[in-house]
Amino acid sequence: MMDAGRHPNIELLSYSEVVDVQGYVGNFQVRVKKKPRYIDLEKCTGCGECVKECPVEVDSEFEVGLTKRKAIYRPFAQAIPPAFVIDKRPSPCKSTCPAHIPVQGYIALIGQGKYDKALALIRETTAFVGTLGRVCHHPCELECKRKDVEAPLAICALKRFAYDVAAPTAPPPAPVERVYGEKVAVVGAGPAGLSAAYDLVRMGYGVTVYEALPVAGGMLAVGIPAYRLPKDVLQQEIDYIKALGVEIKLNTPIGRDGGPTLEDLRRDYDAVFLAVGAHRSRQLNIPGEDLPGVIHSTDFLRALNLGQEVKIGQRVAVIGGGNAAIDAARSALRLGSQVTIVYRRSRAEMPAIPAEVDAAEEEGIAFHFLATPVRILSKDGRVTAMECIRMELGEPDESGRRRPIPVPGSEFTIEVDTVIVSIGQQPDLAPLAGVEVTGWGTLTADPDTMATPVEGVFAGGDAVTGPASAVWAVAAGKRAAESIHRYLRGLDLHQGRVFEWPKAADIQVEIPAGTEKAARREMAALPIAERKSTFKEVELGFTEEEARAEAARCLSCAVCSECLECVSLCEAKAIDHNMREEFVDLEVGTIIVATGFADFDPTRLPQYSYGRSPNILTGMEFERLTSAGGPTGGEILTAEGKVPERVAIIHCVGSRDVNANRHCSRVCCMYALKHAHLVRDMTGAEVYEFYMDMRTFGKGYEEFYERVQEDGVIFVRGRGTEVRVRDDGKLVVRAEDTNLGRPVSATVDMVILGTGMEARPDADQVARLFGLGRTEDGFFAEAHPKLRPVETNTEGVFLAGTCQGPRDVPDTVAHASAAAAQALALMSKGVVTISPTVSHVLTRFCTGCGKCVLACPYNAITLNSDGKAEVNAALCKGCGTCAAACPSDAIVPLHFTDDQLVAQIVGVLQ
Amino acid sequence: MIEDIRALARELLEKGAVECVIGYEVGPTGRVRPAFVYEPGEVERLIFDGRCDQNLVTYLTRRNKPRKKGEEVPTTAVVVKPCDARSLRVLLNEHQVQRDKVYIIGVACPGMQNADGTPELRCTRCDQRVPLLYDALCGEPPEVPTVRDAYEDVQQIEALPLEERLAYWLGELDRCIRCYACRQACPTCFCSVCEAERDDSLWVGIADRIPEKAFFHIIRAFHQAGRCTECNACEAVCPMGIPLSLINRKIAKDVAQMMGGYRAGESDEPTPLVTMLTGEEAIDEIH
Amino acid sequence: MSGDGFEPRIVAFLCNWCSYAGADTAGVSRLELPPNILPVRVMCSGRVSAEMVLKALLSGADGVLVLGCHIGDCHYGSGNHRTVKRIPLLRRLMTYMGIEPDRLRLDWVSGAEAGRFAKITTEFVEAVRALGPLSLPLREEL
């Protein structure tokens, strides 16, 4: 293998797959997909340093699950090429996260107690670690695969933990060095604007953020109450962004109150990002809405958050079912009021985060579902009550939620003195002259690139989508930053970017066998009594133990968590986590297929109890057990770590069996004898071999059989029929001894199943790809069972080894050498003879109707300028489908012409 | 309507837009026959009524094209009924007619009549009153009457016992005199040399015996599979009165049933017999 | 109907890659095959035209068997997608004209399916044997 790897004329394309084969012998075009290895083959020295800090462990394929490997690994020590590879798969959490934060990465780091690194990893994607860790609606948790075991991971709370434990003590970052001369203006210091600024400043651009309000943070600052997001957390994260070099100009609206206009910004900056949010509240449009006791949640929460005095009454009604409504209600409660939420649909349709609704209810807020106000009653200019009407749910509307319909005559009155309206928000776009506005009153921008129709102006966040969640704003800011970078560098806005990540439902994740249930941890919360009177944070965060226990529940769906620990360890700088798959087109004259076999899976024959005891091994597993590099360092030990006293070996598991494979796998008798010899030699244990016939077909094999007999192995002629696992862990093997003519049994410590060889499960696809036939046993068919054992029915394609049928090592080497010789024979000639069976057009009969053109599976026929069919002989494979389609008999496949077929038909019937 | 056709024909010939207008006229025996009008002055010969049942599209194929001084005319206008339009669509699909070389005078079809004034059987099954394609449409589309079950007659044969069917067809096909009128009248039978008359082909001999005659008719019908528009021209011209359209329409019925409701000439989809259809993996009618 | 000692003559059109190979495998496997099968090899079942089937029936065959690769396994990718429409359509027409449908059969046999080849051919021969000779006037002389 080493020699092949080093040979100058051999190019190894490892971790690659053939995806298409075209052409014919001497002229094959082969397309190969090179999967991303994430490691540069040229640079990797194979030192193995990278493995040390990898936090993810999965079963080792090479050691057939007897040991574990890391996400960054080399399949086995002598692998060619000796370079490592990273096992990376899509994960539902990262795919679902709008900002695509590497969730599994920071969870793995928290699990290992590397909290600083977890924080740093999240900060690679977003600056809002503590903020999102508190306010995110965490769609990732809905898709977390752990939900199939018992409950999803508390991903959001773990992110918060990473912040809480590591951020407050971390020193402020150093300013980022400017790389580019261009400057970017960002309008709006909310999560979208600041996220774009954060990414742009780290790329090396100058960034100035314009903010109309006296504080930065947007809705995070003035929309979310302090009991959910303490002011100091948000401020610290904004300070972090500022420390990198982002300038934030507060109290500076655009296009009004004397601030600069959009035109000014376009002139003074190289690009502009509009992230003005949606701060204007929607109106109810009912009588009494203008009364002084009616306020809007945005105004209420803004005033509260800015520390202004807010006067509300004793009995407050909040209209709406979104997060802002819940925030307003819970804030009003903390000001000492009795609060009722009135929502026109039912609880299930509420857009607010369910946990927030639960918390509101816990705190004593009343709910009126399926009701909506029709007017607000007053006395002496003061609100006294609200008249509502009951609703019922009709057909689903375009949002997929059932549409509420008023029930006539069901009006009722609630006595209130304050009404807080929270039925949605819109952006205020009037000051931004020149931008395009949609019918929804939002900004027009490309949903992928965030580009607006105005040159150099990008837009994102609530101003584009309407009110949405913070993480969507972060995602929009990130997309805009990448687009602005591409725009400023003159690059294509789309090329090479992934806008659509795989849907969680399409990601196949196998839950590892033996995963035990472990309850999801919930954060401790402030006592109800304390909540009602203060704006102290309600949720208290995880303790260290809680966080690590929660992190341990992660199933590592992606295998590689992208924690990037390996990158810092690799001295050769060979690791590139952004590698993409590549396609290589090869022109070759011959193809040798050597795709090997599959080991029979004995769980298909439950009578052997495979999987029910760790001491029932397949031949392949026993082989690894005896290897010096194996799990026991080569010692033959039971799973309990003891030297076995009695061992049974069962032949023909999955072979010569109508319930599995009918064929003989040929190699098992000999490897079973080898195993028997090893056991006798290394442990001295008693060995029972249950065999049907002993097939010692090769040179020197019979002699080895005699030697094993002399070793004292007990041979029982008869199929091992059953293995039972006793309560004490001992294994009872039953068989029929055909020599004695009666059933026998043996109680042993270890059973080795002589599992056979079968065709690989993907043999069908491989066969289609290379145009191969398959024999009844599923292996690839040779051209002739006796005379052409290497060639296939597709000229120029040869078979080598066990893909054609079971064979042992010497036979495989011989078969492979024969395939090489066949290929060389073709090459040394330098020319190939191809089949003369191609179609030919008799022009004078051709009407040019084109039926042959449509019928040809190879597009080998075209209509020429005279309107007649013409065959491209290089493309034609001679199937003759064209001839059957032609009513004029104007196209004839040579050697299968109409005359020849008529003669044959008449001939066979004579 | 006829005034519209004549005026259009005159205009086309005067402008030189076409060299020949193919329509209908009353022949010397009083029967309606195809008319080939080359001069603007002759357009008064043209007529159109319920007797004009020939499928004039046949005259657009190379085999039957009108000639002027021995030369094929490059451009023609043709009077086309809705049924004829489907034949024309097949010919366009199969590159036998170039769309820019033919001017289609579509007629709103009143339905054809037999000599005794009763409606032609095929017209009682048809609900198309306006051709699927035309350059100019003459006449007002009349109301569509209720149509009869299209395949009543085929189903009657299908219902016969096997031996009676064989006897019926042997009897009918034995009357064939191999005059090839059916083939000549068929718009989609346009091979330059017919398989049945190829001197180098052994498929079907030219003998006037039942095996050869049966072979000819079955294969001719099979060649029209997915292409026959059931215009009845073959049967109409048969001097022996053999019910040829019963063979063609059986195939058309089966093609529609087996191949996703396909009807020849209704779209630019080619005959499904030469293409791959989605879902063919599921066809289980193999034996 | 079945005459004493009647041995049907069956023309079998076999595609080169699957069913002809399957017949070969059946031979190599020493399976018993009916001698009534008269094979005509074509490169693909897509080559089998209505003319070929009709010619065989009118030239003395009592039945015609068309065997190709399974759909999806065609050596030429999609040749058998034409066969899967053409032969059943012809079979319906043939029945319509009074010939027993069981005299024409289309089926799929892969190169590996020696047993299937033996089964299908045996079944078909027995089915045609039960129908008796195909009697058409002047058939032998075509």
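Scroll up to find the structure this text is about.
These numbers come from a predicted model, not from an experiment. (Residues numbered from 1 in each chain as written. Chains lettered and ligands numbered in written order. Predicted model: local features only at pLDDT ≥ 70, side-chain atom pairs only at ≥ 80, totals over all residues. Heavy atoms only, no water.)

1. A closer look at unusual backbone geometry
Residue and element names in this part refer to chain A. So the rule is basically this: Helix and strand assignments come from DSSP, with helices taken as H or I runs of at least 4 residues and strands as E runs of at least 2, each series counted from the N terminus.
The omega angle of the peptide bond from I80 to P81 is -10°, so this bond is cis rather than trans. Considering the arrangement of structural elements, one finds P81 in the loop between strand 5 (72–73) and strand 6 (85–86). Of note, the phi angle at R656 is positive, near 50°, even though the residue is not glycine. By the element assignment, R656 lies in the loop between strand 27 (646–653) and helix 21 (668–683).

2. So, the pairing of strand 13 (residues 315–319) of chain A
Residues and elements named next belong to chain A. Heads up, the rule is: Note on classification: 1.4 Å probe, protein chains only; a residue is buried when its accessible area is under 20% of the maximum for its type, exposed when over 50%, partly exposed between these limits. Between any two strands, at least two bridges found by DSSP are needed for them to pair. Convention used here: a crossover is right-handed provided that the path from the first strand, over the helix, to the second strand proceeds clockwise when the strands point away from the viewer.
Among the five residues that make up strand 13, four are buried, leaving the element largely enclosed by the rest of the structure. Sheet analysis places strand 13 next to strand 14 (residues 338–342), joined by five bridges and oriented parallel. Residue V316 lies in a different strand from strand 14, and its bridge partner there is V339. As for the winding sense of the linkage, the β-α-β connection from strand 13 through helix 13 (residues 323–334) to strand 14 is right-handed.

3. A closer look at the pairing of strand 32 (residues 742–748) of chain A
All names here are of chain A. Both strand 31 (residues 731–737) and strand 32 contribute to a ladder of seven bridges, which runs antiparallel. For A735, the partnering residue across the bridge sits in strand 32 and is V744. In sequence, strand 31 turns back onto strand 32 through a hairpin of four residues, with G741 there showing a positive phi of about 75°.

4. Some details on the nonpolar core
Residue and element names in this part refer to chain A. Condition: Here, nonpolar core refers to any group of buried Ala, Val, Leu, Ile, Met, Phe, Trp, Tyr and Cys residues whose side-chain atoms link them within 4.5 Å. Two residues qualify as a contact provided that any one of their heavy atoms is within 4.5 Å of a heavy atom in the partner residue.
Ranked by size, the top nonpolar core spans 83 residues in total, and within it Y106, I110, I155, V209 and F273 carry the most contacts. Broken down by element, the residue count for this core peaks at ten residues, all from helix 16 (residues 470–488). Contacts of Y106, omitting those with residues within four sequence positions, involve I101, A118, L121, I122, I155, L158 and K159.

5. Things to note about a negative patch on the surface
Our working definition: Residues forming no salt bridge and having over 30% relative accessible area are the ones grouped into patches, like charges within 9 Å of each other and nonpolar side chains (Val, Leu, Ile, Met, Phe, Trp, Tyr) within 5 Å. Here the open area of atoms and residues is found with the Shrake-Rupley method and a 1.4 Å probe, where only the protein chains shown may cover a residue. Should a side-chain nitrogen of Lys or Arg be within 4 Å of a carboxyl oxygen of Asp or Glu, the pair is scored as a salt bridge. In this tally, Lys and Arg are treated as positive and Asp and Glu as negative; His is ignored, and so are the chain termini. The location of each charge is read from NZ of Lys, CZ of Arg, CG of Asp or CD of Glu.
Taken together, the side chains of E702, E703, E706 and E710 of chain A present a region of like negative charge at the surface. When you line up the elements, E702 of chain A lands in helix 22 (residues 701–710).

6. Focus: the interface of chain B and chain C
Heads up, the rule is: Buried area is understood as the total, over both parts, of accessible area removed when two parts are fitted together, assessed with a 1.4 Å probe. By the criterion applied in these results, polar contacts are pairs of N or O atoms within 3.5 Å in which, for protein atoms, one can donate a hydrogen and the other can accept it, and in which residues neighboring in sequence qualify only through two side-chain atoms.
Contacts between chain B and chain C engage 43 residues on the former and 35 residues on the latter. Across the chain B to chain C interface the summed buried area is about 3,900 Å²; carbon plus sulfur atoms make up 70%. There are one salt bridge connecting chain B and chain C. Here D254 of chain B and R92 of chain C are joined by a salt bridge, their closest N and O atoms 3.1 Å apart. For the pair chain B and chain C, the interface holds ten residue pairs in polar contact (both at pLDDT 80 or more). Listing elements by their share of the side of chain B that touches chain C, those giving two or more residues are helix 4 (152–158), helix 5 (162–174), helix 7 (210–223) and helix 9 (245–258) of chain B.

7. A word on the sheet that holds strand 13 of chain A
All names here are of chain A. Rule in force here: The axes are straight lines fitted to the C-alpha atoms, using for helices just the contacting stretch, and the angles between their N-to-C directions are given from 0 to 180°.
Ordered by their spatial adjacency, five strands build an open sheet running 12-20-13-14-15, and the pairing between neighbours is parallel. Each edge of the open sheet is held by one strand with a lone partner, namely strand 12 (294–296) and strand 15 (366–368). Strand-to-strand twist of the sheet, defined as the mean angle between neighbouring strand axes without regard to direction, takes the value 25°. With four bridges connecting them, strand 13 and strand 20 (residues 418–421) associate as parallel partners. When the sheet's bridge partners are listed, I319 is paired in strand 20 with V421. Strands strand 13, strand 14, strand 15 and strand 20 of the sheet are contacted by helix 13, whose axis makes an angle of about 165° with strand 14.

8. So, the side chain of R89 of chain B
All names here are of chain B. Considering the arrangement of structural elements, one finds R89 in helix 2 (residues 82–93). Buried within the structure, R89 lacks any salt-bridge partner; its nearest side chain of opposite charge belongs to D268, at an N-O separation of 5.4 Å. Once you skip the residues sitting within four places of it in the chain, R89 turns out to touch L132, L133, G265, E266, S267 and D268.

9. Describing the interface of chain A and chain B
Counted only if it meets this: Charged means Asp, Glu, Lys or Arg here, nonpolar means Ala, Val, Leu, Ile, Met, Phe, Trp, Tyr, Cys or Pro, and polar covers whatever is left, Gly included.
At the junction of the two partners, chain A supplies 20 residues and chain B supplies 20 residues. Across the chain A to chain B interface the summed buried area is about 1,700 Å²; carbon plus sulfur atoms make up 59%. For chain A, the biggest contributors to the area lost against chain B are F845, K851 and P887 of chain A; these three give 29% of the whole. Note that K851 of chain A and E94 of chain B form a salt bridge whose closest N and O atoms lie 3.1 Å from each other. On the surface where chain A and chain B come into contact, there are eight residue pairs in polar contact (both at pLDDT 80 or more). Of all the elements in the fold, those that place two or more residues in the side of chain A that touches chain B are helix 25 (851–855) and helix 27 (898–909) of chain A. Element by element, the count of residues in the side of chain A that touches chain B is highest for helix 27 of chain A, at four residues. Tallied by class, residues from the side of chain A that touches chain B come to eleven nonpolar, four polar and five charged.

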